[in-house]
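Structural overview for review
Residue strings, one per chain:
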Amino acid sequence: MTLRTALFATLAATTALPALADVNIYTTRQPELIQPVMDAFTAETGIAVNLAFVDGGIVERLLAEGSRSPADLVMTVDIANLKSIADADVLAPVSSETLDTAVPANLRDPEGLWFGLTTRARIIYASRDRVADGEVTTYEDLADDKWEGRICTRSGVHNYNLALMSAIIAHHGEEGAATWASEVRDNLARTPQGNDRAQVKAIWAGECDISLGNTYYMGKMVNNEEQIEWAGSVRIVFPTFENGGTHVNVSGIGLTQSAPNREEAVQLMEFLVSPTAQSIYAEENYEYPVLDGADVSELVGSWGSFTADETPLTDLAGHRADALRIMEEVNFDG
Ligand code: FE
């Protein structure tokens, strides 16, 4: 594309008639995961959706573009990312009964700056051969001596583990969390390394017996020729907190302050929490709908059901700095 046609395309996208305006989205998620649900929206409303993949740096980009930004919406994963975008003062509150009814209060910002659209649980992958049914049922169990040299995990300071640590703090306080973190560290089979799937590979290879990971990676592994063997060596255990449920995080969405097509953007947000859209979107990345009663894909359903922990994500965000400090103090990553 020449610079001129690129400019024209941008202008065309942002100066169309209001009634037919496109909705422009900055997303850190792979556009392929989002496209099917956007196509369903376009089919229903005639409103086109433009997806711009921004791999990190969404906040910097929105700040640099200021009021001239073409972005109406931002979509990303993890409370840490949603919180940092909200904290940058680039999002506008959305007050919508549809969104407030569909999205449980603990999975959205109290001021309406962001809304969870799908959830993923942080669960335990357990060796089918070396871990018995019922041998691990809680996150607290991971601190037990019986797991010495048997646990694998990615870095303790990765967002996924910091959110989990934040939940441990929410349930047990900072001191309890520090004890838990140091005991889990003592049970590690190896220095934290790799991503969530690398831990399942390590279980498959016999290096450890259980690992922490997000649920959707099971879906990714069983649909990958090389990784399907790793997936076959484990089963999913949904641990709970002793005084709570299973830890979940979200993918979410927020409206920008400068949204040129605000009305259509809010219409899209509301569409995304409808039963059909929830099922389409959740299925693409093997996640769970936030809408109560929306269908879960057959594959995801086959992993079993669980009760999500109800600690508000904003509470987890509030504990993040302490979670990071504790992980560093106990030298979790060695
Ligand atoms: Fe991930």
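Residues numbered from 1 in each chain as written. Predicted model: local features only at pLDDT ≥ 70, side-chain atom pairs only at ≥ 80, totals over all residues. Heavy atoms only, no water.

Thoughts on the overall build of the chain
- A count of helical and extended segments in the chain gives 13 helices and ten strands.
- For 334 residues, the compact-globule estimate of 2.2 N^0.38 gives 20 Å, and the C-alpha radius of gyration of the chain, at 21 Å, lies within 12% of that figure.
- Here the chain, with 334 residues, has 53% of them falling under the buried criterion.
- Counting contacts in the chain only where the partners sit at least 6 residues apart, residues at least 24 apart contribute 78% of the total.
- Surface summary for the chain: the accessible area is close to 14,500 Å², and the carbon and sulfur share equals 49%.
- Across the chain, the centroid of the 22 positively charged side chains sits 6 Å from that of the 50 negatively charged ones. (Helix = DSSP H or I, 4+ residues; strand = E, 2+ residues; numbered from the N terminus. Rg over C-alpha atoms; globule rule 2.2 N^0.38 Å. Buried < 20%, exposed > 50% of the residue type's maximum accessible area, 1.4 Å probe, protein only. Contact = heavy atoms within 4.5 Å. Areas by Shrake-Rupley, 256 points an atom, 1.4 Å probe, with all protein chains shown as cover. Lys, Arg positive; Asp, Glu negative; His and termini not counted. Charge placed at Lys NZ, Arg CZ, Asp CG, Glu CD.)

Topic: the coordination of the iron ion
- Coordination of the iron ion by the protein comes from Tyr160 (OH), Tyr216 (OH) and Tyr217 (OH), over a distance range of 1.9 to 2.1 Å.
- Every donor residue of the iron ion comes from the same chain, spaced as Y-x55-Y-Y. Within this pair, whereas tyrosine 160 is found in helix H6 (residues 159-187), its partner tyrosine 216 is found in helix H8 (residues 216-222), the two being separated by 56 residues in sequence. As far as burial versus exposure is concerned, tyrosine 160 and tyrosine 216 are alike and both buried. (Donors = N, O, S within 2.8 Å, 3.2 Å for Na, K, Ca; no water.)

Quick notes on unusual backbone geometry
- The backbone phi angle of aspartate 89 is positive, close to 60°, even though this residue is not glycine.
- Relative to the helices and strands, aspartate 89 is located in the loop between helix H4 (79-87) and strand E4 (91-92).
- Not every positive phi belongs to a glycine, and tyrosine 286 is a case in point at roughly 55°.
- Along the polypeptide, tyrosine 286 turns up in the loop between helix H11 (275-284) and strand E10 (288-289).

As for the packing of aromatic side chains
- Evaluation of the coordinates by the stated rule reveals five aromatic pairs.
- Aromatic side chains tyrosine 139 and phenylalanine 241 sit 4.5 Å apart centroid to centroid with 35° between the ring planes, which places their arrangement in the tilted category. Linking tyrosine 139 in the loop between strand E5 (115-127) and strand E6 (151-152) with phenylalanine 241 in the loop between strand E8 (234-237) and strand E9 (248-256), this pair joins segments that are 102 residues apart in sequence. Summarising the burial analysis for this pair, tyrosine 139 and phenylalanine 241 share the class buried. (Phe/Tyr/Trp six-rings, centres within 6.5 Å; stacked < 30°, edge-to-face > 60°.)

Description of the domain arrangement of the chain
- Segmenting the chain into domains produces domain 1 (3-119 + 248-297) and domain 2 (122-247 + 308-329).
- Centre-to-centre, using C-alpha coordinates, domain 1 lies 29 Å away from domain 2.
- Taken together, the contact pairs 17 residues of domain 1 with 20 residues of domain 2.
- Together domain 1 and domain 2 conceal approximately 1,500 Å² of surface at their shared face, both sides included; 63% is due to carbon and sulfur atoms.
- Among the residues domain 1 hides against domain 2, the three largest losses belong to Asn106, Val248 and Tyr286. Together they make up 43% of the total. (Domains from an automatic or database assignment. Buried area = accessible area lost by both parts, 1.4 Å probe.)

Brief notes about the pattern of salt bridges
- Applying the stated criterion across every chain, the model contains 16 salt bridges.
- Across the pair glutamate 65 and arginine 61 runs a salt bridge, and its minimum N-O distance is 3.3 Å. One end of the pair is glutamate 65 and the other is arginine 61, both in helix H3 (residues 58-65) and four residues apart, which spans about a single turn.
- Residue classification places glutamate 65 among the partly exposed positions, given a relative accessible area of 21%.
- Between aspartate 100 and arginine 108 there is a salt bridge, and its shortest N-O distance comes to 3.6 Å.
- Because the salt bridges share partners, they merge into one network encompassing Arg130, Glu135, Arg150 and Asp209. (Salt bridge = Lys/Arg side-chain N within 4 Å of Asp/Glu carboxyl O.)

Considerations on the environment of valine 184
- Position of valine 184 among the secondary structure elements: in helix H6.
- Owing to a relative accessible area of 3%, valine 184 belongs among the buried residues under this scheme.
- Separated by 42 residues in sequence, valine 184 and leucine 142 have C-alpha atoms that sit 5.9 Å apart.
- Excluding residues that lie within four positions of it along the chain, valine 184 makes contacts with Leu142, Ala143, Ile151 and Phe332.

Topic: the state of the cysteines
- Overall, the coordinates contain one disulfide when judged by the stated rule.
- The residue that forms a disulfide with cysteine 152 is cysteine 208, at a sulfur-sulfur distance of 2.1 Å. Across the S-S bond of cysteine 152 and cysteine 208 the torsion is about -105°, and the bridge reads as left-handed. Taken together, the residues span a long stretch of sequence, with cysteine 152 in strand E6 and cysteine 208 in the loop between helix H7 (196-204) and strand E7 (210-214) at a distance of 56 residues. (Disulfide = S-S within 2.5 Å.)

A closer look at the environment of tryptophan 114
- Relative to the helices and strands, tryptophan 114 is located in the loop between helix H5 (97-102) and E5.
- A sequence separation of 47 residues divides tryptophan 114 from serine 67, and the C-alpha atoms of the two residues are 19 Å apart.
- With residues up to four places along the chain from it excluded, the contact list for tryptophan 114 reads Ile79, Leu82, Ala86, Leu107, Arg108, Asp109, Ile253, Gly254, Leu313 and Thr314.

Examining the nonpolar core
- Tyr125 and Leu268 are the most contacted members of the largest nonpolar core, which totals 107 residues.
- At twelve residues, H6 tops the list of elements feeding residues into this core.
- In this structure, this core is formed jointly by two domains, domain 1 (3-119 + 248-297) and domain 2 (122-247 + 308-329), each of which donates at least three residues. (Core = buried A, V, L, I, M, F, W, Y, C linked by side-chain atoms within 4.5 Å.)

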